[in-house]
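# Results of the structural survey
Given next are the chains, with one letter for each unit.
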There are 2 protein chains.
Amino acid sequence: MEFIDELRKLKEQVKFSARFELDKDYDNIVIAGMGGSGIAGKIFQEIYTKKPVTVIDDYHIPEFVNEKTVFIGMSYSGNTEETISATNEAIKKGAMILLVTTGGKLSKMEGQKIAIPAGLQPRSSLGYMLLPLINTFMPQGDDVRERTYKALEKMDSDNRNMKEMAELIHDGDKIPVIYGCSPYRPVAYRWKTQLNENSKVLAYSSYFPELNHNDTAPLRDTYRKQEFIFFTFYTQSEPRVTKRIDVTSDLTDTKFIRIKPEGESLFEKLFYLIHYGDYLSYHLAIERKLDPSDVSIIEKLKHRLEQN
Amino acid sequence: MEFIDELRKLKEQVKFSARFELDKDYDNIVIAGMGGSGIAGKIFQEIYTKKPVTVIDDYHIPEFVNEKTVFIGMSYSGNTEETISATNEAIKKGAMILLVTTGGKLSKMEGQKIAIPAGLQPRSSLGYMLLPLINTFMPQGDDVRERTYKALEKMDSDNRNMKEMAELIHDGDKIPVIYGCSPYRPVAYRWKTQLNENSKVLAYSSYFPELNHNDTAPLRDTYRKQEFIFFTFYTQSEPRVTKRIDVTSDLTDTKFIRIKPEGESLFEKLFYLIHYGDYLSYHLAIERKLDPSDVSIIEKLKHRLEQN
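Residues numbered from 1 in each chain as written. Chains lettered and ligands numbered in written order. Predicted model: local features only at pLDDT ≥ 70, side-chain atom pairs only at ≥ 80, totals over all residues. Heavy atoms only, no water.

Attention now goes to the interface of chain A and chain B. Across the contact, 76 residues belong to chain A and 76 residues belong to chain B. Summed over both partners, the interface of chain A with chain B comes to about 7500 Å²; 57% of that surface belongs to carbon and sulfur atoms. On the chain A side of the interface with chain B, the three residues burying the most area are A:Leu202, A:Tyr223 and A:Ile297, jointly 11% of the side's total. Across the chain A-chain B interface, the total number found is 19 salt bridges. The salt bridge partner of A:Asp294 is B:Arg220, with a shortest N-O separation of 3.7 Å. Examining the composition of the side of chain A that touches chain B, we find that nine residues originate from one element, helix H10 (residues 239-252) of chain A, more than from any other. A per-class count over the side of chain A that touches chain B returns 29 nonpolar, 16 polar and 31 charged. (Contact = heavy atoms within 4.5 Å. Buried area = accessible area lost by both parts, 1.4 Å probe. Salt bridge = Lys/Arg side-chain N within 4 Å of Asp/Glu carboxyl O. Helix = DSSP H or I, 4+ residues; strand = E, 2+ residues; numbered from the N terminus. Nonpolar A, V, L, I, M, F, W, Y, C, P; charged D, E, K, R; others polar.)

Structure representation (structure tokens):
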């Protein structure tokens, strides 16, 4: 499949309706996933705050996991070694096991499973990873999904803005930095990872208001600042954060490219911002005359690790 | 106080013995803190895994906070607006309130308090912030503290290695990137923030194994890679992670400067790595002929925000 066709599949994913059945009470949620799967967990952690949610992007689970823990293991291939390791540990602790995968070893492990469509690059399955979590713990109405579908469809047919941003990065030979803000902080990280994998550029993310306590210091200085290009989500949902963005830009004399999410609900804005980053990274790959789908180095790395 | 004298106070902080009294059962821990205070929370979250620990570096607390939550508000000045906001919300929810501060508004709020010495820059109080958490939930023996004290003292009298690293960054006009690994991931972030505030350079951090799922892709390419210098913690505590570091360096043809923490216990290694970053950032400021203590831009920002 052409990579652009993969990107365009995101809109269908927001309509994915699979959900888990929770048949007993629980104290906390632990989600294990790497890369795109981990980002689904991180986004969910940010938007679902009724129970403590811990995201594991590593081999081991925390000591507190027990039979009152909902453990969710997510891996597109089903063979991600860190996620397999964490899931094995959670099974031994007697946690309630929920799994999202296309197949692989994970699909053979004990637990309630949601099968998602195969044939995509793992990073193109973010919707399939995130929707089972949202459907289970904070279901959205069909109207919201429909509006989100239409917004993404619109972006698929007109993404000139994102192409222009990609040209800005490429023509200026810039290193992209993306500043997020709650509840879209992991989406800034998603942009970073899409720029890494699709565009093959080093990129970094951080978030307001935390960055006002550290990152802001070098922004006044000119140490290599001209090498970077700064994007900031500008959601205007928390007035103090909006103020911080404006004052930071002014005081440090730094231009922030403000990305305002469209849509009424958090769900719409979330996917608007996610898709914006998809297109930005896609267009930057094209500008750089690189294949956005190629992540052979990561494949080689996995292969080398399997041999050892 | 000279900034170097502040750095040297870290060794005394590892002997700070104040602790909270927990007089009832609890389900989870929520820590609110920005910048250095937040990093203390993030480090604690990584090393204490008996209960879910959530770190808030923002204005609002999660919905799950209730009377079975231990809420810890930390601010050196006691006037950090995000932390005051979060603490107010936690008080309204009936959480068990614990506070660490030198004074300010936080010291006047209801809750059990630990007063820490004033007169430092907030980022130089990391030990004072972290020790009450460690003392309360995972107390360390005096022998471990004593060995840590001596290791930090040794670094105070000989930090030529860190000076050489700072020269490498400065002479090459490089942008530092620090790769951490569990359980020292927030220490990589600490290095980044110390480089931001003390050395006034843009710097970034990430961690293994997660970075193998994204950051690794551009490392093979040469897109601006020569602008960066890569440090990685090399703890050898998880064989698969050690392997990943070696294979990543080899496959992407990227030199990682490996920092091996000295010491026997996690506590010693933790402070060894923290202090290493302190000295690196200090020496880089000196190389750049800048005052490491100056963070006037952050002060100006706070002032501007207070007016609005």
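Of the consecutive residues A:Ser182 and A:Pro183, the connecting peptide bond is found in the cis state with omega at 0°. With omega at -5°, the peptide bond leading from B:Phe208 into B:Pro209 counts as cis. Position of B:Pro209 among the secondary structure elements: in the loop between strand S7 (204-208) and helix H9 (216-220). In this structure, B:Asp253 takes a positive phi of about 55° despite not being glycine. Take B:Asp253: its relative accessible area is 68%, and that puts it in the exposed class. (Buried < 20%, exposed > 50% of the residue type's maximum accessible area, 1.4 Å probe, protein only.)

With an RMSD of 0.0 Å, the operation that places chain A on chain B is a rotation of 180° combined with a shift of 0.0 Å along the axis. A rotation of that kind, with that shift, is consistent with a two-fold axis. Take the interface residues of chain A: 100% of them recur as interface residues in chain B, which is what a same-surface contact looks like. (Least-squares fit on C-alpha atoms with pLDDT ≥ 70 in both.)

Attention now moves to the sheet that holds strand S4 (residues 96-101) of chain B. All names here are of chain B. On the basis of which strands lie adjacent, the open sheet formed by five strands has the order S2-S1-S3-S4-S5 and parallel pairing. At either end of the open sheet lies a strand with only one pairing partner, and these are strand S2 (53-56) and strand S5 (112-115). Averaged over neighbouring strand pairs, the angle between their axes works out to 15° when direction is ignored. As paired strands, S4 and S5 are joined by four bridges and run parallel to one another. From the neighbouring strand, Thr101 faces S5, where its bridge partner is Ala115. Packing against the sheet, helix H3 (residues 35-47) makes contact with strand S1 (28-32), S2 and strand S3 (69-75), and its axis sits at approximately 165° to S2. Contacts between helix H5 (residues 126-137) and the sheet are confined to S1, S3, S4 and S5, with S3 contributing the most and set at about 160° to the helix. (Pairing = 2+ DSSP bridges. Axes fitted to C-alpha atoms, helices over the stretch in contact; angles between N-to-C directions.)

Attention now goes to the nonpolar core. Counting residues in hydrophobic clusters, the biggest one holds 171 residues, and the most contacted among them are A:Ile29, A:Phe44, A:Phe231, A:Phe233, B:Ile29, B:Phe231 and B:Phe233. Ignoring anything within four residues of it in the chain, the contact list for A:Ile29 reads A:Phe44, A:Tyr48, A:Pro52, A:Val53, A:Thr54, A:Val70, A:Ile72 and A:Phe137. (Core = buried A, V, L, I, M, F, W, Y, C linked by side-chain atoms within 4.5 Å.)

Residue and element names in this part refer to chain A. Helix length check: H10, at 14 residues, gives a terminal C-alpha distance of 20 Å against a target of 20 Å (1.5 Å per residue), a fit within 8%. For H10, the full list of buried residues reads Arg240, Val241, Thr242, Arg244, Ile245, Val247, Thr248, Ser249 and Thr252. Positive backbone phi, approximately 55°, marks Asp253, located one or two places after H10. (Expected span 1.5 Å × (residues − 1).)

Any link to function would need more than the numbers given here.
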